[in-house]
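In case you want the letters, here they are:
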Amino acid sequence: MEHDALHTLPESLRPFFTITEIDDAQFIAGDLFRRKFAAPPPPFGRHLVALYGEPGQGFRLAGYSHMRPFGDVYLSGGSCSNGETIRAMDPAHRAAIEAAGGVWFLVLKYAFARYADCCDAFFGHCGDRRAREVALAAGFIDAGHEHLIVNWHKPLHENIRRALVAKVHALGPF
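Residues numbered from 1 in each chain as written. Predicted model: local features only at pLDDT ≥ 70, side-chain atom pairs only at ≥ 80, totals over all residues. Heavy atoms only, no water.

**Description of the environment of Ala-5**
Tracing the chain through its elements places Ala-5 in the segment before β1 (17-22). Taking the relative accessible area as the measure of exposure, Ala-5 reaches 0% and is therefore buried. Sequence separation between Ala-5 and Leu-148 is 143 residues, and the spatial gap between their C-alpha atoms is 25 Å. Beyond its immediate chain neighbours, meaning those up to four positions away, Ala-5 contacts Tyr-110, Ala-113 and Arg-114. (Helix = DSSP H or I, 4+ residues; strand = E, 2+ residues; numbered from the N terminus. Buried < 20%, exposed > 50% of the residue type's maximum accessible area, 1.4 Å probe, protein only. Contact = heavy atoms within 4.5 Å.)

The structure is reproduced here in structure tokens:
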């Protein structure tokens, strides 16, 4: 069961920044995803978008993240921010978003709250140094394999944790 996760966004950001789930990533995030990954966004899973703007003036895509249910875990991948939107932001708005952790940090916190009851853990595969710093700040930890990170948001027996890590590690990069 999904939960309302708007509470994860600082109140001060809500007049110009929001995060929401969409059904069709292609419609809103297709161009950004292709620019970042040279492929269309996945047609399955959960699609989160961060939107920047002001009521009456329209909204622009600030970021995207894909959450893929994989049995008892969620795989977090395909995350990207839109530099064009970030550069176009009002400087005070950009500073406020950065002070709150940045676009991807906020999307991760939102996802962890929204899907907490949908899975036993969140996994990511992260090879970029800066992205890894943000992921760790948001609640991921090293999973014991190169580039593999995990967010244990539920208490699980150590044997179950090891089995989940092995299952996700066996996938390779995702």
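Still more ground to cover, so stick around.
**Brief notes about the sheet that holds strand β4 (residues 73-81)**
Strands pair in a sheet through their backbones, by hydrogen bonds, and they do so in one of two ways: parallel or antiparallel. In spatial order, the strands read β1-β2-β3-β4-β5-β7-β6; together these seven strands make up an open sheet with mixed pairing. The sheet terminates laterally at β1 and β6 (141-142), the two strands that pair on one side only. With two bridges joining them, β6 and strand β7 (residues 148-151) adopt antiparallel strand pairing. Looking across to β7, one finds that Ile-141 is bridged to Val-150. Docked against the sheet, helix α1 (residues 25-37) engages β1, β2 (46-54), β3 (58-70) and β4, running at close to 75 degrees with respect to β4. Sheet contacts for helix α6 (residues 158-171): β3, β4, β5 (121-125) and β7; angle to β4, the most-contacted strand, approximately 50 degrees. (Pairing = 2+ DSSP bridges. Axes fitted to C-alpha atoms, helices over the stretch in contact; angles between N-to-C directions.)

**Some details on the packing of helix α4 (residues 103-114) against helix α5 (residues 129-138)**
Remark: α4 packs on α5, axes separated minimally by 9 Å, with the N-to-C direction vectors making an angle of 40 degrees. By the angle between their axes, α4 is oblique relative to α5. Both α4 and α5 take part in a crossing whose hand is right-handed. Along the contact surface, α4 presents Trp-104, Phe-105, Leu-108, Lys-109 and Phe-112, while α5 presents Ala-131, Val-134, Ala-135, Ala-137 and Ala-138. Residue composition of the contact of α4 with α5, by class: nine nonpolar, no polar and one charged. (Parallel < 35°, antiparallel > 145°, perpendicular 65-115°, else oblique. Left-handed = near helix turned anticlockwise from the far one by under 90°. Nonpolar A, V, L, I, M, F, W, Y, C, P; charged D, E, K, R; others polar.)

**Some points on the layout of surface pockets**
In this structure, the largest pocket occupies an estimated 590 Å³ of space. Lining the largest pocket we find 26 residues, and of these Ser-79, Cys-80, Ser-81, Trp-104 and Ala-131 sit closest to its centre. Going through the elements one at a time, β4, α3 (91-99), α4, β5 and α5 are the ones with two or more residues in the lining of the largest pocket. Looking at side-chain class alone, the lining of the largest pocket contains 12 nonpolar, 10 polar and four charged residues. (1 Å grid on protein atoms, 1.4 Å probe; cavity = no way out; pocket = protein on both sides within 12 Å on 5 of 7 lines; lining within 4 Å. Points joined across faces, edges and corners; volume = space filled by probe spheres on them.)

**Notes on the packing of aromatic side chains**
Tallied over the entire structure, the rule returns eight aromatic pairs. When the centroid spacing of 6.2 Å and the interplanar angle of 70 degrees are considered together, the rings of Phe-16 and Tyr-52 count as edge-to-face. Here Phe-16 is found in the segment before β1, whereas its partner Tyr-52 is found in strand β2, with 36 residues between them in sequence. Since its relative accessible area comes to 8%, Tyr-52 is described here as buried. Ring centres 5.3 Å apart and planes at 45 degrees place the aromatic pair Tyr-74 and Tyr-115 in the tilted group. Placement of the pair is Tyr-74 in strand β4 and Tyr-115 in the loop between α4 and β5, with a sequence separation of 41 residues. When sorted by exposure, Tyr-74 lands in the same class as Tyr-115, which is buried. By way of ring pairs, the aromatic residues Tyr-74, Phe-112, Tyr-115, Phe-122 and Phe-140 are connected into one cluster. (Phe/Tyr/Trp six-rings, centres within 6.5 Å; stacked < 30°, edge-to-face > 60°.)

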